[in-house]
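Listed here are the chains, written in short residue letters.
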Amino acid sequence: MSSVKIECAVKEKNKIGESPVWEEKEGTLLYVDVSGQKVCRWNPATNQIHTLKTDQYVGSVVPRRSGGYIIGVGTRFAAVDWKQQTITTIAHVDEDKSNNRFNDGKVDPAGRYFAGTMALEVRPAELERHQGSLFTLNPDHSVVKHFDQVDISNGLDWSLDHKIFYYIDSLSFKVDAFDYDKKTGNISNRRAVYHLEKDEGIPDGMCIDTEGKLWVACYSGGRVLHIDPTTGKRLRTVKLPVDRTTSCCFGGQDYSELYVTTASEGMDEDSMKRQPEAGGIFKITGLGAKGIPPYSFSG
């Protein structure tokens, strides 16, 4: 295996960088800054970052097959027209919970947008418990609520055979699996596939590789865990020079580069001096793993 190289590719400090998605056609990395309230696109070839401001916290962004993007912003699903720099509401959720917001989200193999909510944090990972839910925005713009009582709805992905849905509720400190029906989008039979150890941090965003193994970014852990969800074993730990790792995705020409978003919000001056790259986006090469292209929302 080639040696692993870790570099800070995007040096701009995000408050809470999240939801990285590789755009193959443009060769760009799409992501959000949650509390910075912006959707961003970084071009590695030019090192330019283009942004779109949002009016509330934005939890995730996904590509749309017909063009533009879909976001979970505040407690709304909304469409983004990047050229016009406009945001149009599609549907509302959690209307009875004014203190809630969307967090992580991702498109499933059938083109639906799965995204979950959580209460607004008092401090990082400190919030009113059990206020969130997991939702799906269907291509016809109808919304399905799968379950509630969620603390921090986070990482999600699907197995390569599209029969399993993986999901993280961060404060449970584990990665769960569900049976997944691609035809209906229904999920069932929840069970744990990995329990984090005490020093590993808080499980956050994740992605899957071409061998069906998971890569889980751990907030406060400064690491990405490589997990085999079939055996429940950790295969390896990749440590980063910052503590607040938030999510990850594979990208680059052959999807062999792992991009890891991080956060700087809530860090004091001393911590920022020790970790000057906090809030940046890291590129990890030499892992010997590759990812799969992201799915696009089909509505």
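Just so you know, these numbers come straight off a predicted model, no measurement behind them.

Undergrad: What is the right way to read the overall build of the protein chain from this model?
TA: Along the backbone of the protein chain there are 1 helix and 24 strands. Each principal axis of the C-alpha atoms in the protein chain carries an extent, and together these give about 45 × 45 × 40 Å. Relative to its full complement of 299 residues, the protein chain shows a buried share of 57%. For the protein chain, the proportion of contacts with a sequence separation of at least 24, taken over those separated by at least 6, is 48%. Summed over its atoms, the accessible surface of the protein chain is roughly 12,700 Å², and 45% of this surface lies on carbon and sulfur atoms. Of the charged side chains in the protein chain, 37 are positive and 41 negative, and the gap between their average positions amounts to 2 Å.

Undergrad: Is there a simple way to explain the layout of surface pockets in this structure?
TA: As a volume, the largest pocket reaches approximately 340 Å³. In this structure, the largest pocket is lined by 23 residues; those nearest its centre are Ile 16, Arg 101, Glu 121, Pro 124 and Ala 125. Of all the secondary structure elements, the ones that give two or more residues to the lining of the largest pocket are β10 (100–107) and β18 (202–208). Looking at the lining of the largest pocket element by element, the count peaks at 3 residues for β18. Tallied by class, the residues present in the lining of the largest pocket amount to 13 nonpolar, 4 polar and 6 charged. Of the volumes computed, that of the second largest pocket is approximately 240 Å³.

Undergrad: Help me understand the environment of Thr 51, please; the structure alone is not making it clear to me.
TA: Along the polypeptide, Thr 51 turns up in strand β5 (residues 48–53). With residues up to four places along the chain from it excluded, the contact list for Thr 51 reads Lys 38, Val 39, Cys 40, Trp 82 and Gln 85.

Undergrad: Help me understand the sheet that holds strand β17 (residues 187–195) in this model?
TA: By definition, the strands of a sheet pair up through backbone hydrogen bonds, in either a parallel or an antiparallel sense. Here 4 strands make up an open sheet; going across it, the order is β14-β15-β16-β17 and the pairing antiparallel. Lying at the two open borders of the sheet, with one neighbouring strand each, are β14 (153–158) and β17. Across this sheet, the average inter-strand angle for adjacent strands is 25°, counted without regard to direction.

Undergrad: So what exactly am I meant to see when it comes to empty space enclosed by the protein here?
TA: Any space left empty among the atoms is revealed by the rolling of a water-sized probe across them. Applying the stated rule across the entire model yields 1 cavity of 30 Å³ or more. Around the largest cavity, the lining comprises 25 residues; the ones closest to its centre are Pro 20, Lys 106, Asp 157, Cys 249 and Pro 294. Residues belonging to the lining of the largest cavity are distributed by class as follows: 18 nonpolar, 4 polar and 3 charged.

Undergrad: Whenever I open this one, the nonpolar core confuses me. Can you help?
TA: For soluble globular proteins, the rule of thumb is that nonpolar side chains tend to be buried together. Core analysis: the largest hydrophobic core is formed by 28 residues, its most contacted members being Leu 29, Trp 215, Leu 258 and Val 260. Contributions of two or more residues to this core are made by β1 (5–10), β3 (28–33), β4 (38–43), β22 (245–251), β23 (257–262) and β24 (281–285). For Leu 258, the residues in contact, after removing those within four places along its chain, are Cys 207, Trp 215, Val 224, Cys 248, Cys 249, Phe 250, Phe 282, Lys 283, Ile 284 and Leu 287. Membership of the second largest hydrophobic core comes to 23 residues, among which are Val 39, Trp 82, Ala 119 and Ile 202.

Undergrad: What is the right way to read the packing of aromatic side chains from this model?
TA: For the structure on display, the rule yields 16 aromatic pairs. Aromatic pair Phe 77 and Phe 102: ring centres 4.6 Å apart, planes at 50°, arrangement tilted. In this pair, Phe 77 is assigned in strand β8 (residues 76–81) and Phe 102 in strand β10, connecting sequence segments 25 residues apart. The pair Phe 77 / Phe 102 is uniform in exposure class, with both members buried.

Undergrad: Would you mind going over unusual backbone geometry with me for this structure?
TA: One can expect most non-glycine residues to show negative phi and most peptide bonds to be in trans. The phi dihedral of Ser 19 is positive, around 55°, even though this residue is not glycine. Phi at Ser 220 is positive, roughly 70°, even though this residue is not glycine. With respect to the helices, strands and loops of the structure, Ser 220 is situated in the loop between β19 (214–219) and β20 (223–228).

Undergrad: Hey, could you run me through the pattern of salt bridges in this one?
TA: Applying the stated rule across the entire model yields 17 salt bridges. The partner of Arg 41 in a salt bridge is Glu 23, and the shortest N-O contact between them spans 3.2 Å. Taken together, the residues span a long stretch of sequence, with Arg 41 in strand β4 and Glu 23 in strand β2 (residues 17–23) at a distance of 18 residues. Glu 23 shares its class with Arg 41; the two are buried. For Asp 108, the salt bridge identified is with Arg 112, shortest N-O distance 2.7 Å. Of the two residues examined, Asp 108 and Arg 112, each falls in the buried class.

Undergrad: Even after reading the chapter, I still don't get the sheet that holds β18, so can you show me in this structure?
TA: If you walk across this open sheet you meet the 4 strands as β18-β19-β20-β21, and the pairing is antiparallel. If you trace the sheet from one side to the other, it starts and ends with β18 and β21 (233–239), each paired once. When strand polarity is set aside, the average angle formed by the axes of neighbouring strands in this sheet is 25°. Pairing of β18 with β19, which is carried by 5 bridges, proceeds in the antiparallel orientation.

Criteria and thresholds
- Residues numbered from 1 in each chain as written.
- Predicted model: local features only at pLDDT ≥ 70, side-chain atom pairs only at ≥ 80, totals over all residues.
- Heavy atoms only, no water.
- Helix = DSSP H or I, 4+ residues; strand = E, 2+ residues; numbered from the N terminus.
- Buried < 20%, exposed > 50% of the residue type's maximum accessible area, 1.4 Å probe, protein only.
- Contact = heavy atoms within 4.5 Å.
- Areas by Shrake-Rupley, 256 points an atom, 1.4 Å probe, with all protein chains shown as cover.
- Lys, Arg positive; Asp, Glu negative; His and termini not counted.
- Charge placed at Lys NZ, Arg CZ, Asp CG, Glu CD.
- 1 Å grid on protein atoms, 1.4 Å probe; cavity = no way out; pocket = protein on both sides within 12 Å on 5 of 7 lines; lining within 4 Å.
- Points joined across faces, edges and corners; volume = space filled by probe spheres on them.
- Nonpolar A, V, L, I, M, F, W, Y, C, P; charged D, E, K, R; others polar.
- Pairing = 2+ DSSP bridges.
- Axes fitted to C-alpha atoms, helices over the stretch in contact; angles between N-to-C directions.
- Core = buried A, V, L, I, M, F, W, Y, C linked by side-chain atoms within 4.5 Å.
- Phe/Tyr/Trp six-rings, centres within 6.5 Å; stacked < 30°, edge-to-face > 60°.
- Salt bridge = Lys/Arg side-chain N within 4 Å of Asp/Glu carboxyl O.

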